[in-house]
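Breakdown of the fold
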Amino acid sequence: MDQAYELRAGKLGFLSGPRPEKDEDLALQLLTDSIIELCQYARSKGNLVLSLETFDDETDKKCLIGSNRLAVEVAKEVRKVDLSFGLMLDLSHLPMQRENCKDALTIARDYINHAHIGNCYIKNKHDPAYGDQHLRFGYPGSENDVDELSEYLRVLLEIGYIGEGSKNIVAFEVKPVGNENQKWL
């Protein structure tokens, strides 16, 4: 966080860490308490906004905060202390979270402070693209393409996250898989 301030960052995103095999309720309480402490520290130094990114809880990263419904529960508690705290939702994570775009974004609508757009692949664990690798749209067998991207943007517009006059952040995450970058040379 100190480095984020040194770099004059406006926002700092982070994930929850791994999902425990037991005592998930205790882990959620400890996470919430830790985020509150981080928010208080951030406020003592300036106006850095914190953003918890939701990930999968079973597929790739196996994070404590996998579902957006669970993320909202945590965000509600943290917002009692820091109104700027929010959630970062990523199109590439939704298939791994077993959530559809409309439900996830609608559930989290009041807490989203950052949106990512990407793709994932979850059909074969042995494929180099498996998991949250930010592969290109159109990668064979991948989860997101034009239709899913269009739906994500449409729902972000419907819930008021983007639109005329909005200054909310939407960022793409895309990188080559394996030797794909060599094909473009």
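Scroll up to find the structure.
To start, this report covers the structure provided alongside it. (Residues numbered from 1 in each chain as written. Predicted model: local features only at pLDDT ≥ 70, side-chain atom pairs only at ≥ 80, totals over all residues. Heavy atoms only, no water.)

**Some words on the packing of aromatic side chains**
In the structure shown here, the tally under the stated rule is 1 aromatic pair. A centroid spacing of 5.9 Å and a plane angle of 80° characterise the contact between Tyr121 and Tyr139, whose relative ring orientation is edge-to-face. Of the two residues, Tyr121 is situated in the loop between strand 4 (112–117) and helix 5 (146–158) and Tyr139 in the loop between strand 4 and helix 5; the sequence distance between them amounts to 18 residues. With respect to class, Tyr121 is no different from Tyr139; both count as buried. (Phe/Tyr/Trp six-rings, centres within 6.5 Å; stacked < 30°, edge-to-face > 60°. Helix = DSSP H or I, 4+ residues; strand = E, 2+ residues; numbered from the N terminus. Buried < 20%, exposed > 50% of the residue type's maximum accessible area, 1.4 Å probe, protein only.)

**Here we look at helix 2 (residues 24–45)**
Counting along an α-helix, one turn takes 3.6 residues, and residues three or four places apart therefore face a common direction. The terminal C-alpha atoms of helix 2, which comprises 22 residues, lie 31 Å apart, in line with the 32 Å expected from a rise of 1.5 Å per residue. Taken as a whole, helix 2 has its buried residues at Ala27, Leu28, Leu31, Thr32, Ile35, Ile36, Cys39 and Ala42. The secondary structure elements touched by the buried residues of helix 2 are helix 1 (2–6), strand 1 (11–14), strand 2 (49–53) and helix 3 (68–79). (Expected span 1.5 Å × (residues − 1). Contact = heavy atoms within 4.5 Å.)

**Observations concerning the nonpolar core**
In this structure, Ile35, Ile65, Phe85, Leu87, Leu105 and Tyr152 are the most contacted members of the largest nonpolar core, which totals 38 residues. Of all the secondary structure elements, the ones that give two or more residues to this core are helix 2, strand 2, helix 3, strand 3 (86–90), helix 4 (101–108), strand 4 and helix 5. Setting aside anything within four residues of it in sequence, one finds Phe85 in contact with Phe14, Ile35, Cys39, Leu50, Leu52, Ala75, Val78, Arg79 and Asn113. Within the second largest apolar cluster, 5 residues are counted, among which are Tyr121, Ala129, Leu135 and Tyr139. (Core = buried A, V, L, I, M, F, W, Y, C linked by side-chain atoms within 4.5 Å.)

**A few points about the side chain of Glu53**
Residue placement: Glu53 occurs in strand 2. Salt bridges are absent for the buried Glu53, whose nearest opposite-charge side chain, Lys61, sits at 9.3 Å. Of the polar contacts made by the side chain of Glu53, one reaches the side chain of His116; its length is 3.4 Å. Apart from the residues within four sequence positions on either side, Glu53 is in contact with Phe14, Leu15, Met88, Asp90, His93 and His116. (Lys, Arg positive; Asp, Glu negative; His and termini not counted. Salt bridge = Lys/Arg side-chain N within 4 Å of Asp/Glu carboxyl O. Polar contact = N/O pair within 3.5 Å; in protein donor to acceptor, adjacent residues only side chain to side chain.)

**Structural notes on the pattern of salt bridges**
For the coordinates displayed, the defined rule picks out 13 salt bridges. Across the salt bridge formed by Asp60 and Lys61, the nearest N and O atoms sit 3.4 Å from each other. Judged by relative accessible area, which is 24%, Asp60 ranks as partly exposed. Of the charged contacts, one joins Glu77 and Lys80 as a salt bridge, the two residues approaching to 3.0 Å between their closest N and O atoms. Lys80 gets classed as exposed once you look at its relative accessible area, which sits at 64%. Connected through shared salt-bridge partners, Arg19, Glu24, Asp57, Glu58 and Arg98 make up one network.

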